[in-house]
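Geometric and topological summary
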Number of protein chains: 2
Amino acid sequence: MKRTKIKDLLNATDFGQQVTVKGWVRTFRNNQFIAINDGSSINNIQAVVDFTSTDESLLKRLTTGAAVSVTGELVESLGKGQRVEIKVGQLEILGDCDAEKYPLQPKKHSLEFLREIAHLRFRTNTFNAVFKVRNALAFAIHKFFNEQGFVYMHSPIITGSDAEGAGEMFRVTTIDLDNIPRNEDGSVNYKEDFFGKSTNLTVSGQLEGELAALAFGEIYTFGPTFRAENSNTTRHLAEFWMIEPEMAFYDLNDNMDLAESLLKYVIRYALDNCGDELEFLKGRLQEEEKLKPQNERSDLDLISKLNFCLENSFERITYTEAINILKSSKPNQKKQFKYLIEDWGADLQSEHERYLVEKHFKKPVILTDYPADIKAFYMKQNDADDQGRNTVRAMDILFPGIGEIVGGSQREEVLEKLERRMTEMHIPVEEMSWFLDTRRFGSVPHSGFGLGFERLVLFVTGMTNIRDVIPFPRTPKNAEF
Amino acid sequence: MKRTKIKDLLNATDFGQQVTVKGWVRTFRNNQFIAINDGSSINNIQAVVDFTSTDESLLKRLTTGAAVSVTGELVESLGKGQRVEIKVGQLEILGDCDAEKYPLQPKKHSLEFLREIAHLRFRTNTFNAVFKVRNALAFAIHKFFNEQGFVYMHSPIITGSDAEGAGEMFRVTTIDLDNIPRNEDGSVNYKEDFFGKSTNLTVSGQLEGELAALAFGEIYTFGPTFRAENSNTTRHLAEFWMIEPEMAFYDLNDNMDLAESLLKYVIRYALDNCGDELEFLKGRLQEEEKLKPQNERSDLDLISKLNFCLENSFERITYTEAINILKSSKPNQKKQFKYLIEDWGADLQSEHERYLVEKHFKKPVILTDYPADIKAFYMKQNDADDQGRNTVRAMDILFPGIGEIVGGSQREEVLEKLERRMTEMHIPVEEMSWFLDTRRFGSVPHSGFGLGFERLVLFVTGMTNIRDVIPFPRTPKNAEF
């Protein structure tokens, strides 16, 4: 008999029908009630066994984690907590699960412990919810761009170029480390490497995205990117997924409008499509926050926070305005910031971003027009201000609890200005000739941004460690599974 | 004035309105007719300039590739080949394009030449069409799985495991090749590497996909995979994208049904959403085929071939049946095959696959139940047949002109059988303990397959070299851009 997904049965109303369910035992109570989960829903279905007529040796095998196939009548449940249940006719064990050895037991496990058994944590409610939301957000991103006629573009993963002009990268090589080919001067002979030159994992698909945008008009990438930075934080991964739209004929305002509407669209999609999961995650977060001192708890629960984001326009201010706010802020006056804000030009730290978002504006903030010296070479240069200060048409979106979730800019489209800036910043102009061709042949104003996918998932799920929102996190000294 | 996309204008009927179009000049004829393309459509819009009232120096800058902004009245076109055109009021050059230096001219360029300027080839009709179809296919894949409740799962790119148990891999490292840390015995000390161990680029997300499927029920991956194979063919890339669904409770028939319906769904989606592009690509292919001898040309044009795939069930036969067909086939009898089929157990070559698909059945073929010795360790073992031959529950889908487009199997779910096979094939059982946990704790019958995305795009676009269906191909000695 064909199996029915539990998700569908939980909403069924045609009682009396015979159904087959296949899934894993979550709990088995009173020698009678099996809670079965098949992954289709965060919720289990209850199957009721008649233990008087069931072989005892079979009942003993109904341990947490065992795989079962159950066929029986779908009936209205009299018990509390569920609307429907299955009156078991046939019961088959598909795969046993030795309770002595199985690491997942029907009790609360710490996130740290579950991280060590990342291959099994998918089987918990928390990670069922997290990865369902992640799935919904990924689909919503594709749906948003598809509706707007953007072209999804796969930028290369292995690359000889470094988009940021900096950033630590992973080498990709087939060179035998026990037998390195060398040039006469002793340097490594990369001509012998697979690609005939030195190659790395990409840190961004932006430059290739610009090439495509200046042909298709509007494109986006959605792929893995890499940073070989030795940072062991709750916000950094060595391998993470990024969405990078790039749009011809967009100025900085168009760019901000697009980013804001994208974020709102995907949050709304999650609210509309992941009700059960977000409800569960809201409860999880509330439990977690109970362990915190009162003043560190959020004012809003998870779902209220998401709705709040939808209902309010993101605050748009310039870097210069932000510096003025921060300079005269209480924590700056009282020297509570670790890095005090004194002069224009300072790079903003996480504490400053959080102050602006969480204390001052109490909503998402878009900071624009950063000092040129703390931003990348490709950003459009503003005219110097009345004090002779140089800024660029950058924009960063800061989210509560997350910090920077989007970083973008209008791009410098004037060849001479771009070349001058590259020279100043020691970016090899010659090597990047292909990139500069976009400014040489039919250059147009254009803009783009990068959205860190895991940071978005963090925000929407209310999880607090980025390692808990990607299936198999890669961090310094850790590439398990 | 806000720009309107050319795609929308080409379908507009409200003549007389003022519109602004921004895009690139494809051609400028008779000092009067500008063909403008903005990437939103493969088709151009015609803008008509009144050269008597336009500055001559401006007209001279209307060269192929120049970026322009044009505002004027949308009018019904009297000329042939277009329904609407713009009567230019205002004309602005956004970015010049020096005709002497611009590599793309309004003439036919060879695909080989365009591959060398892959950063500009997006601007041609052929590559506009190819990458629009690629975009549509990618979206259709997500849509298909989303509608069926599959969870999209990002399997890791950097990995310490090798899914196939073989396959040449790229090393990922931050070790300084000029200063390699070594153990006392002289071997490389990977504890000093970024992840504290030797890591590679993934060759498949399948094993991690199985972990997720045995929790969520049905999952799929869609991400880049890598092979460091030194094969310079029209069908191989070192970096390519793969879709890998993995489903709990699916046997081999369910697996084949899913693969067939996925392929038909996405082909239908392309036909429904990329009419103009496929029409163009059909013409391109016809031109290309004219250069071939009559007997090498296709019977069907591109669109007929796609429809043919939709209208016919894929032929499902076992490897053993295929061998019998091939053994008694004309090219085998007449010794026209390069590799003659003599004995059961032979691996099928491209010539044999093509014979089955293109000559014998004349439609897509699914081959099942291959000899165990030519397939991977994780495939479900059949009972030995009456002649004692061992086969596995594998299935490969063969497409005309492409060969293998899908490879999959039911997975061996019995722990002891899987361990035995791994030992026979020298796969380290201990290292793969996390994978074997799926068979240890609540194992269930399950299946999955891999679909090579670029091969799918090749098939649907009718292109013949895989380097022409991915933006920036990575092949031996080639990682440009």
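Residues numbered from 1 in each chain as written. Chains lettered and ligands numbered in written order. Predicted model: local features only at pLDDT ≥ 70, side-chain atom pairs only at ≥ 80, totals over all residues. Heavy atoms only, no water.

Digging into the overall build of chain A
For the record, the criterion: Secondary structure elements are defined from DSSP: runs of H or I of at least 4 residues count as helices, runs of E of at least 2 residues count as strands, and each element is numbered from the N terminus. Think of it in three bands: residues with accessible area under 20% of the maximum for their type are buried, residues over 50% are exposed, and the middle band is partly exposed, with areas taken using a 1.4 Å probe on protein chains only. We call two residues contacting when some pair of their heavy atoms lies within 4.5 Å. Method for areas: the Shrake-Rupley scheme with a 1.4 Å probe, in which residue coverage is limited to the protein chains shown.
In terms of regular secondary structure, chain A is built from 15 helices and 16 strands. With the C-alpha coordinates aligned to their principal axes, the bounding extent of chain A is approximately 85 × 60 × 45 Å. For chain A, the residues scored as buried account for 59% of the 481 residues in total. In chain A, 69% of the contacts between residues at least 6 apart in sequence involve partners at least 24 apart. With an accessible surface of roughly 19700 Å², chain A has 45% of that area assigned to carbon and sulfur atoms.

Here's the deal with the sheet that holds strand S4 (residues 67–76) of chain B
Residues and elements named next belong to chain B. Short version of the rule: The pairing criterion for strands is at least two bridges between them, as found by DSSP. Lines fitted to the C-alpha atoms define the axes, with helices restricted to the stretch that makes contact. Angles between their N-to-C directions range from 0 to 180 degrees.
If you walk around this closed barrel you meet the five strands as S1-S2-S3-S5-S4, and the pairing is mixed. If you compare each strand with its neighbour and ignore which way they point, the axes differ by 55° on average. With four bridges connecting them, strand S2 (residues 33–37) and strand S3 (residues 45–48) associate as antiparallel partners. When the sheet's bridge partners are listed, Ile 34 is paired in S3 with Ala 47.

Some details on the confidence of the model for chain A
Keep this limit in mind: As a per-residue quantity, pLDDT reports the predictor's confidence and falls between 0 and 100.
In this model, chain A carries a mean pLDDT of 95, and residues with pLDDT of at least 70 account for 99%. The ipTM value of the predicted complex is 0.97, and its pTM value is 0.97.

Observations regarding the packing of helix H6 (residues 252–273) of chain B against helix H7 (residues 275–290) of chain B
All names here are of chain B. What counts here: Roughly parallel here means an angle under 35 degrees, roughly antiparallel means over 145, roughly perpendicular means 65 to 115, and every remaining angle is called oblique. Gly falls in the polar group here, along with every residue not listed as nonpolar (Ala, Val, Leu, Ile, Met, Phe, Trp, Tyr, Cys, Pro) or charged (Asp, Glu, Lys, Arg).
Interaxial distance between H6 and H7 falls to 5 Å at its minimum, and their mutual angle equals 95°. In this view, H6 runs roughly perpendicular relative to H7, as classed from their interaxial angle. Across the interface between the two elements, Ala 270, Leu 271 and Asn 273 of H6 pack against Gly 275, Glu 277 and Leu 278 of H7. Residue composition of the contact of H6 with H7, by class: three nonpolar, two polar and one charged.

Re the relation of the copies chain A and chain B
Which entries qualify depends on this criterion: Only residues with pLDDT of at least 70 in both copies count here: their C-alpha atoms drive the least-squares fit that superposes the copies.
After a rotation of 180° and a shift along the axis of 0.0 Å, chain A superposes on chain B with an RMSD of 0.0 Å. A rotation of that kind, with that shift, is consistent with a two-fold axis. In terms of proximity to the rotation axis, the leading residue of chain A is Val 172 of chain A, whose C-alpha is 2.5 Å off the axis. In this assembly, 100% of the residues forming the interface of chain A have copies in chain B that are likewise at the interface, indicating an isologous arrangement.

Brief notes about the nonpolar core
One broad trend across soluble globular proteins is that nonpolar side chains are buried collectively. Selection rule: Nine residue types can take part in a nonpolar core, namely buried Ala, Val, Leu, Ile, Met, Phe, Trp, Tyr and Cys, and a core is a set of them joined through side-chain atoms within 4.5 Å.
Counting 318 residues, the largest nonpolar core has Leu 278 of chain A together with Leu 278 of chain B as its most contacted members. In contact with Leu 278 of chain A, not counting residues within four places along its chain, are Val 133, Ala 270, Leu 271, Leu 302, Ile 303, Leu 306 and Val 460 of chain A.

Points about the environment of Asn 390 of chain B
All names here are of chain B. Mapped onto the secondary structure, Asn 390 falls in the loop between strand S13 (365–371) and strand S14 (391–399). Residue class for Asn 390 comes out partly exposed when judged on its relative accessible area of 45%. As a C-alpha pair, Asn 390 and Ala 372 span 18 residues in sequence and 5.7 Å in three-dimensional space. Not counting residues within four places of it along the chain, the set of residues in contact with Asn 390 comprises Trp 344, Tyr 370, Pro 371, Ala 372 and Ala 384.

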